[in-house]
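# A closer look at the structure
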Amino acid sequence: MTFNDLNLNKPLLQALADLEFEYPTPIQAKAFPIIMSGRDAVGVAQTGTGKTLAYLLPILRQLTFSKQREARILILVPTRELVIQVEGEIKKLTKYSSIRVGGIYGGTNINTQKQLIYDGLDVIVATPGRLLDLILSGILKFKSIQKLVIDEVDEMLNLGFRAQIINLLEKIPTKRQNLMFSATLNEDVEMMIDNYFYKPEYIELISRGTPLEKIIQQAYHVHDKPAE
Ligand code: ADP
Ligand code: MG
C-alpha cells in the first residue's frame, strides 16, 4: 500500500512526495479510514511508529478552506518541543494548501500568541497551561472546535496535566470528534476515555508497531556545567 491508495488529495500527496514519504506506516494506514469516518478513536502504538501523521493526514484531508477566525482543530501535546514539532509537520503537509496553524506554549511572549489568535487560525497546537491562560484572557474561543486530538496522553498525565486537560475538555463544544494517541494505555488514560469519548474505536499496534528503521538512536555523555 502507498499513500496513493488512501483517499488523500493532491496538495497532501504532493507534500508527502516532497518529504519522500511513500508508504503509510501500519498505524497511519489503519487510522486513516477510522478518523475519516468521524468517530472517536484511540491510537496506541509505540514511539516512532508515525502517530503524528496518523491523525494529521485524515484531519487535514477533511479541513476545508475558511476565512473564519476561530480554530476548528485543537491538538494538545505535553511539551513546547512537541508543539513546535507538530506545528512543523503541519506546515510541511500544508505547503500546497492555505491552512493557518499556530503553536501555543508557555515560556514565550503571550502577546505574540494573542495576535496570532486574533489574526485567525484553523489549527491550534498547544500545551494545556498557556492555552488556559489565553481562554481566561478572553481572546481565545473554543466555540468552533470540531476535532480534538490529545497526543502523548500518557506523558501528559505523567506530567500532571490531568486537571488542566479536563478543564479544557469542559470548554469545548461536546459535538466534536475526540482523538487520542499514546504509546501506552493505563487506568488513568482509560478513565479519561470512559468519561469523555463516545464509543471510541481502538487502533492498537502494541505488538506489531516497531520503530521506523530510519531512526538512529545516539547518546552523548556530557560533563557537568562548569562553575560560573
Ligand atoms: P510517534 O508519534 O509514533 O512517536 P512520529 O509521528 O513522531 O512517531 O514519527 C516518527 C518519525 O517518522 C518522524 O521523523 C516522521 O517524520 C517519520 N515518519 C512518519 N511517517 C512516515 C512515513 N510514512 N514514511 C517515512 N517516515 C515517516
Ligand atoms: Mg508522537
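Please refer to the structure higher up on the page.
Residues numbered from 1 in each chain as written. Chains lettered and ligands numbered in written order. Predicted model: local features only at pLDDT ≥ 70, side-chain atom pairs only at ≥ 80, totals over all residues. Heavy atoms only, no water.

As a further point, take the site of ligand 1. Residues in contact with ligand 1 amount to 16 residues; listed here are only the nearest, Tyr23, Gln28, Gly48, Lys51 and Thr52. In this structure, Thr52 approaches ligand 1 through a side-chain N or O atom, which is 2.6 Å from an oxygen atom. Relative to its unbound accessible area of 570 Å², ligand 1 is 82% covered by the protein chains. (Near = heavy atom within 4 Å. Polar contact = N/O pair within 3.5 Å; in protein donor to acceptor, adjacent residues only side chain to side chain. Areas by Shrake-Rupley, 256 points an atom, 1.4 Å probe, with all protein chains shown as cover.)

On to the packing of helix α5 (residues 110-119) against helix α6 (residues 128-136), then. Running from N to C, α5 and α6 cross one another at 65°; their axes reach a closest spacing of 11 Å. The angle between α5 and α6 falls in the class roughly perpendicular. Seen along the crossing, α5 lies across α6 with a hand that is right-handed. Within the contact between the two elements, α5 uses Ile110, Gln113, Lys114 and Ile117 and α6 uses Arg130, Asp133 and Leu134. Classifying every residue of the contact of α5 with α6 by side-chain character gives three nonpolar, one polar and three charged. (Axes fitted to C-alpha atoms, helices over the stretch in contact; angles between N-to-C directions. Helix = DSSP H or I, 4+ residues; strand = E, 2+ residues; numbered from the N terminus. Parallel < 35°, antiparallel > 145°, perpendicular 65-115°, else oblique. Left-handed = near helix turned anticlockwise from the far one by under 90°. Contact = heavy atoms within 4.5 Å. Nonpolar A, V, L, I, M, F, W, Y, C, P; charged D, E, K, R; others polar.)

Listed in full, the buried residues belonging to helix α8 (residues 162-169) are Ile165, Leu168 and Leu169. Within α8, the buried residues cover an arc of 100° as seen down the axis, which keeps them to one side. In this structure, the buried side of α8 is in contact with β2 (73-76), α6, β5 (147-151), α7 (153-158) and α9 (187-196). (Buried < 20%, exposed > 50% of the residue type's maximum accessible area, 1.4 Å probe, protein only. Arc of directions from axis to C-beta.)

Spatially, the seven strands line up as an open sheet ordered β3-β4-β2-β5-β6-β1-β7, and their pairing is parallel. Looking at strand neighbours, the two that pair on one side only are β3 (101-104) and β7 (201-204), the edges of this open sheet. Going from strand to strand, the sheet's axes swing by 15° on average, the running direction of each strand aside. Two strands pair when backbone bridges link them, and strand β1 (residues 41-44) and β7 are joined in this way by four bridges, in the parallel orientation. Along β7, the bridge assignment pairs Gly43 with Ile203. (Pairing = 2+ DSSP bridges.)

Turning to the layout of surface pockets, a few remarks are in order. Roughly 170 Å³ of volume is contained in the second largest pocket. What lines the second largest pocket is simply Arg69, Glu70, Ala71, Ile117, Tyr118, Leu121, Ile124, Ile139, Leu140 and Lys141. Here the lining of the second largest pocket is composed, by residue class, of seven nonpolar, no polar and three charged. (1 Å grid on protein atoms, 1.4 Å probe; cavity = no way out; pocket = protein on both sides within 12 Å on 5 of 7 lines; lining within 4 Å. Points joined across faces, edges and corners; volume = space filled by probe spheres on them.)

Turning next to the side chain of Asp40. Mapped onto the elements, Asp40 comes out in the loop between α2 (26-36) and β1. Although buried, Asp40 forms no salt bridge, and the nearest oppositely charged side chain, Arg176, lies 6.8 Å from it. Among the polar contacts listed, one links the side chain of Asp40 to the backbone nitrogen of Tyr198, at a separation of 2.7 Å. (Lys, Arg positive; Asp, Glu negative; His and termini not counted. Salt bridge = Lys/Arg side-chain N within 4 Å of Asp/Glu carboxyl O.)

With that settled, the discussion passes to the nonpolar core. Of all hydrophobic cores here, the largest spans 39 residues; its most connected members are Tyr55, Leu57, Ile75, Ile90, Val123 and Val125. Broken down by secondary-structure element, the contributors of at least two residues to this core are α1 (10-19), α2, α3 (51-62), β2, α4 (80-93), β4 (123-126) and β6 (177-182). The element contributing the most residues to this core is α3, with seven residues. When residues no more than four places from it in sequence are discounted, the contact partners of Ile90 are Leu56, Leu60, Ile75, Val101, Val123 and Val125. One finds Leu76, Leu132, Met180 and Ile193 within the second-largest nonpolar core, a separate group that totals 32 residues. (Core = buried A, V, L, I, M, F, W, Y, C linked by side-chain atoms within 4.5 Å.)

Of all the six residues making up β6, six are buried; the element is thus mostly covered by neighbouring parts of the structure. Neither face of β6 is left uncovered, since the one carrying Gln177, Leu179 and Phe181 and the one carrying Asn178, Met180 and Ser182 both have all their residues buried. Sheet analysis places β1 next to β6, joined by four bridges and oriented parallel. Residue pairing in the sheet places Gly43 in a bridge with Phe181 of β6. Across five bridges, β5 lies against β6 in parallel orientation. Looking at the pairing, Lys147 lines up with Gln177 of β6.

With that settled, the discussion passes to unusual backbone geometry. Note on backbone geometry: most residues besides glycine have negative phi, and most peptide bonds are trans. One non-glycine residue, Glu20, adopts positive backbone phi at about 60°. Position of Glu20 among the secondary structure elements: in the loop between α1 and α2. With a relative accessible area of 72%, Glu20 lands in the exposed category.

In short, the description is geometric, and any link to function would need to be established separately.
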